[in-house]
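Breakdown of the fold
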Amino acid sequence: MEVVESPFVRVPFEALKKAAKERKYIVEEVDKVMKKLDKHAGTSQEEDEEAQEERMDVDGETAPEPTATTSGQVGSDEFGSEIDDMLSAIGNLKRKLNDSTKVEAAHIARCKARVEHLISLGSYGTERALSWNKKRMGRLVVDYLLRQGYHETALQAVSSDEALESLLELDIFRSAQAIVDSLKGRKCGVALEWCAKHRSKLRKIKSKLEFKLRIREFVCLVQEGKVADAVTYSKKHLSQWAPSHMKELQEAMATLVYGPWWPRRHDKHSHYGHLFSDQQWDDLVHLFRRDMYKMYALPADSNLALHVQAGLSALKTPMSYTESRSKEDPLSLDAFRKISERLPYAKHSKSRLVCYITKQVMNEHNPPMVLPNGMVYSRSACEDLAQMHGSGKKIVCPRTGDVCDFSKLKRAYPV
């Protein structure tokens, strides 16, 4: 539980830390402006005292007021202009502090709501399993919808339950979907702006997203036949990546010579043809999502997918892929079978047989009975079938329709 839900609390907490760090920078800027203002105030006071002393004669009488000079007038104008600039800067910093306070309050409210949500869930218990799962399921489903890009459906669910809004990363997924849509539309501008805004964080996680976006724009220019523009673009945006991505950069620069038509036009198997394929855009979408999740400390897969995979793994057995599997087995559905392809089989130290008819576990009190045709049912089910036949001595197999004597049944002893 702690491992699965840790990102649920960590995301708003990290956002709060970032907001507090930005507030610290704003306070430092305010401190610089105030020191500068104090310095000017001290300088102005010293100049007034010196001027007052000069106007005093030897006998202590005040000399006539000197006429204002041009240099003095200029100095006064410059001083007034600096004061105006500092007052304007203080006003801007005050506005930033107010905005920062609102942002911090919003993050604190989200942290509080999520902690309260986890406390309200409490520990899992069989007597309250339905209510416990219902509280979490709504959040998990909406989170999955946001990750898959179904924002309208997700917002409809949030509007019906306002408490969900503080439990989801609506702003993160909304901005992410705008970037995904632009990449699917064969445009890199929005994604590059996002990279510039979060460059320091992307550098910490060693992201290659910005480099890949620059390569994509460069290759697009080559593909359009704008070789001169491509060369200019490479000098401006790609040269800085040479020390860390030389091999990929050399491969991209070779497209200036060969292009997508070598050895034959749009050959996906050529050495450079893959750089011009549409798959590159899909790879960029995948790379952006991966780095975005990593940057915000979000799990790569939705919690709903993790829960489904855990459940399927607990139910997956070799029997699930045979024709004789139970209809009650979730893996009898193609969708679940596809999800569970790479999942491990469940570990069962003991065999556990369930009757096809009664769905009850077959054990020493209700042993499995084998019919002459090879079908196996529980003893209680066989007795019910015998009573349904009327005589109580014969039973009809519900799956094959074969009729046999009750005395022909044999008890099975599973290992």
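Description of the structure in this document. (Residues numbered from 1 in each chain as written. Predicted model: local features only at pLDDT ≥ 70, side-chain atom pairs only at ≥ 80, totals over all residues. Heavy atoms only, no water.)

Along its length, the chain carries 14 helices and seven strands. Taking the intrachain contacts of the chain between residues at least 6 apart in sequence as the baseline, contacts between residues at least 24 apart amount to 58%. (Helix = DSSP H or I, 4+ residues; strand = E, 2+ residues; numbered from the N terminus. Contact = heavy atoms within 4.5 Å.)

Attention now goes to the nonpolar core. A general trend in soluble globular proteins is that nonpolar side chains are found buried together. Counting 34 residues, the largest nonpolar core has Leu 183, Trp 194, Leu 213 and Phe 288 as its most contacted members. Those elements that place two or more of their residues in this core are helix H3 (129-148), helix H4 (151-160), helix H5 (170-184), helix H6 (189-197), helix H8 (209-223) and helix H11 (279-295). Among the elements that take part in this core, H11 stands out by supplying eight residues, more than any other. Beyond its immediate chain neighbours, meaning those up to four positions away, Phe 288 contacts Ala 176, Ile 179, Val 180, Leu 183, Trp 194 and Leu 209. Phe 218, Val 222, Tyr 233 and Trp 241 belong to the second largest nonpolar core, which has 15 residues in total. (Core = buried A, V, L, I, M, F, W, Y, C linked by side-chain atoms within 4.5 Å. Buried < 20%, exposed > 50% of the residue type's maximum accessible area, 1.4 Å probe, protein only.)

Inspection of the entire model under this criterion finds three aromatic pairs. A centroid spacing of 5.1 Å and a plane angle of 80° characterise the contact between Trp 194 and Phe 288, whose relative ring orientation is edge-to-face. Linking Trp 194 in helix H6 with Phe 288 in helix H11, this pair joins segments that are 94 residues apart in sequence. Taken individually, Trp 194 and Phe 288 each receive the classification buried, so the pair is uniform in this respect. A cation sits over an aromatic face here: Arg 139 above Phe 8, 4.0 Å from the ring centre. (Phe/Tyr/Trp six-rings, centres within 6.5 Å; stacked < 30°, edge-to-face > 60°. Lys NZ or Arg CZ within 6 Å of the ring centre and 35° of its normal.)

Pairing within the open sheet is antiparallel, and its three strands lie in the order S4-S3-S7. In the strand order of this sheet, the two ends are held by strand S4 (376-378) and strand S7 (410-411), each with one partner. As paired elements, strand S3 (residues 368-370) and S7 share two bridges and run antiparallel to each other. Residue pairing for S7: Met 369 is matched across the bridge by Arg 411. Contacting S3 and S4, helix H14 (residues 379-389) crosses the sheet at an angle of about 90° to S4. (Pairing = 2+ DSSP bridges. Axes fitted to C-alpha atoms, helices over the stretch in contact; angles between N-to-C directions.)

A separate point is helix H12 (residues 303-315). The end-to-end C-alpha separation of H12 is 19 Å, in line with the 18 Å expected for 13 residues at 1.5 Å each. Within the sequence span of H12, burial applies to Asn 303, Leu 304, Leu 312 and Ser 313. (Expected span 1.5 Å × (residues − 1).)

On to the packing of H5 against H11, then. Packing of H5 against H11 brings their axes to within 9 Å, and their N-to-C directions diverge by 165°. The orientation of H5 relative to H11 falls into the category roughly antiparallel. For the crossing formed where H5 meets H11, the hand is right-handed. Contacts between H5 and H11 involve Ile 172, Phe 173, Ala 176, Gln 177, Ile 179, Val 180, Leu 183 and Lys 184 from the first element and Trp 281, Leu 284, Val 285, Phe 288, Arg 289, Met 292 and Tyr 293 from the second. Its residues assigned to classes, the contact of H5 with H11 shows twelve nonpolar, one polar and two charged. (Parallel < 35°, antiparallel > 145°, perpendicular 65-115°, else oblique. Left-handed = near helix turned anticlockwise from the far one by under 90°. Nonpolar A, V, L, I, M, F, W, Y, C, P; charged D, E, K, R; others polar.)

Side-chain pairs of opposite charge can arise whenever the charged atoms involved come near each other. Taken as a whole and judged by the stated rule, the model has 19 salt bridges. The partner of Arg 147 in a salt bridge is Asp 143, with the nearest N and O atoms 3.2 Å apart. Separated by four residues within a single helix, Arg 147 and Asp 143 lie in helix H3, roughly one turn from each other. Taken as a pair, Arg 147 and Asp 143 share a single burial class, namely buried. A salt bridge links Asp 278 to Arg 186; the shortest N-O distance between them is 3.9 Å. (Salt bridge = Lys/Arg side-chain N within 4 Å of Asp/Glu carboxyl O.)

Further remarks concern the environment of Arg 147. Looking at Arg 147, the relative accessible area reads 7%, which means it is buried. Along the primary structure Arg 147 and Asp 301 are separated by 154 residues, whereas in three dimensions their C-alpha atoms are 8.8 Å apart. Non-local contacts of Arg 147, meaning those with residues more than four positions away in its chain, are made with Phe 173, Arg 289, Tyr 293, Leu 298, Pro 299, Ala 300, Asp 301 and Ser 302. Polar side-chain contacts of Arg 147 include one of 3.5 Å to the backbone oxygen of Ala 300. (Polar contact = N/O pair within 3.5 Å; in protein donor to acceptor, adjacent residues only side chain to side chain.)

Its identity as a non-glycine residue notwithstanding, Lys 206 has a phi of 60°, on the positive side. For Lys 206, the location among the structural elements is in the loop between helix H7 (199-204) and H8. Under the relative-accessibility criterion, Lys 206 is labelled exposed at 76%. One non-glycine residue, Lys 359, lies in positive phi territory at about 65°. Mapped onto the elements of the fold, Lys 359 is located in the loop between strand S1 (353-354) and strand S2 (361-362).

Spatial relationships are all this shows, so hold off on functional conclusions.
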